[in-house]
Amino acid sequence: DRVLKAARKAGRIVTFGCDSRADIRCTDIAVGQGRTVFRVECDRFCEEFSLEMRGKFNVENAVAAIAAGYVLGVPVQYMKKALASTCVPGRMENFSSPDKRICGIVDFAHNRLSFEKLFDAVFQEYRSYTRIITVFGCPGGKALNRRRELGIIAGLFSDYVYVTSDDPGVECQETIAREVCSYVEMTGCPCSRIDERGDAVRQAVAMACAQKEKTVILVLGRGSEKYQKIGEHLYRYPTDSELLSDA
């Protein structure tokens, strides 16, 4: 309501979302065969769109892009073509073992809301997988409440958690990880601290390979980031996608 009130100063307001009152309305969301299909209605068109990325939150992002295209007068056929081939590195990016028993997902989720949406998407869209192994870390010197929030959420919805590095900066990585692990353990979920991020991802894959159940591995927090801040400096570091693909 506050956003809508402030937006009136612009003179023109275009709303989007799943609410029936929105100007750009999204309905009939369905996921299957690695794609997400949804319908968008407005005063100019009623069309079915296809998105290569999973996760309802990515549909919300796609409808935001459609709303921008609508305002700019982009023809709907170009919107459909663009979204059908869109795949954002580090955003619900999927990797699978040849036998499909292990599915790896890299996502930039790094706060409470994005963690909740990510785990919700996994439970809704990967129902044939019975185990979840999560790899993530928390940054140093900022957003200290995330350590508790993310630790508890990961612990509640994972079968095992690896806590690792994510921009520790000048703070001691071991101290950060121990704090996060304490919140994971509060939920009863087992966890391990592996400070080297590449080693944590490899260990998660090794654990999944050693088990018979179909397993989802979530590598969260960095997505396509190519650097880590350690001490006062930024160091070149493989992206989570590179780490998971190699593992």
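Look up a bit, the structure's there.
Predicted, not measured: the structure shown is a model, and the values here were computed from it. (Residues numbered from 1 in each chain as written. Predicted model: local features only at pLDDT ≥ 70, side-chain atom pairs only at ≥ 80, totals over all residues. Heavy atoms only, no water.)

Asks: Which residues make up the overall build of the protein chain, and what values do they have?
Replies: In terms of regular secondary structure, the protein chain is built from eight helices and twelve strands. On C-alpha atoms alone, the protein chain measures out to a radius of gyration of 20 Å, which is about the 18 Å that the 2.2 N^0.38 rule sets for 247 residues. For the protein chain, the C-alpha atoms occupy an extent of roughly 55 × 45 × 35 Å along the three principal directions. Burial status across the protein chain gives 44% buried among its 247 residues. A separation of at least 24 residues holds for 62% of the contacts in the protein chain among residues at least 6 apart in sequence. Working note: accessible area of the protein chain is about 13,100 Å², and carbon and sulfur atoms make up 51% of it. (Helix = DSSP H or I, 4+ residues; strand = E, 2+ residues; numbered from the N terminus. Rg over C-alpha atoms; globule rule 2.2 N^0.38 Å. Buried < 20%, exposed > 50% of the residue type's maximum accessible area, 1.4 Å probe, protein only. Contact = heavy atoms within 4.5 Å. Areas by Shrake-Rupley, 256 points an atom, 1.4 Å probe, with all protein chains shown as cover.)

Asks: Residue-level account of unusual backbone geometry, with values.
Replies: In this model, Lys 100 sits at a positive phi of 65°, which is unusual for a non-glycine residue. A positive phi angle, near 45°, is found at Ala 143, a position not held by glycine. Mapping Ala 143 onto the fold places it in the loop between β7 (131-136) and α5 (145-157).

Asks: Break down the sheet that holds strand β8 (residues 160-163) for me, citing the residues and quoting the values.
Replies: The strand order β5-β6-β10-β7-β8-β9 describes an open sheet built from six strands, whose pairing is mixed. Looking along the sheet, the strands with just one partner apiece sit at the ends: β5 (93-96) and β9 (191-193). Shown here is a sheet whose adjacent strand axes are inclined to one another by a mean of 15°, direction ignored. Both β7 and strand β10 (residues 215-220) contribute to a ladder of five bridges, which runs parallel. Residue pairing in the sheet places Val 135 in a bridge with Val 219 of β10. On the sheet, α5 packs against β7 and β8 and is oriented at approximately 160° with respect to β7. (Pairing = 2+ DSSP bridges. Axes fitted to C-alpha atoms, helices over the stretch in contact; angles between N-to-C directions.)

Asks: Give me the lowdown on the sheet that holds strand β2 (residues 24-32), citing residues and values where you can.
Replies: Strand order in the open sheet formed by four strands is β1-β2-β3-β4, with mixed pairing between adjacent strands. Each edge of the open sheet is held by one strand with a lone partner, namely β1 (16-17) and β4 (46-51). In the packing of helix α3 (residues 76-84) onto the sheet, contacts are made with β3 (35-41) and β4, and the angle to β4 comes to roughly 20°.

Asks: For the packing of α5 against helix α6 (residues 173-186), give the residues involved together with the corresponding values.
Replies: It is at 7 Å that the axes of α5 and α6 come closest, and there the two elements cross at 45°. One element, α5, and the other, α6, form an angle in the oblique class. Like other packed secondary-structure pairs, α5 and α6 cross with a definite hand, here right-handed. Judged by residue contacts, Arg 147, Arg 148, Gly 151, Ile 152 and Gly 155 of α5 engage Ile 176, Glu 179, Val 180, Tyr 183 and Val 184 from α6. Taken together, the residues of the contact of α5 with α6 sort by class into five nonpolar, two polar and three charged. (Parallel < 35°, antiparallel > 145°, perpendicular 65-115°, else oblique. Left-handed = near helix turned anticlockwise from the far one by under 90°. Nonpolar A, V, L, I, M, F, W, Y, C, P; charged D, E, K, R; others polar.)

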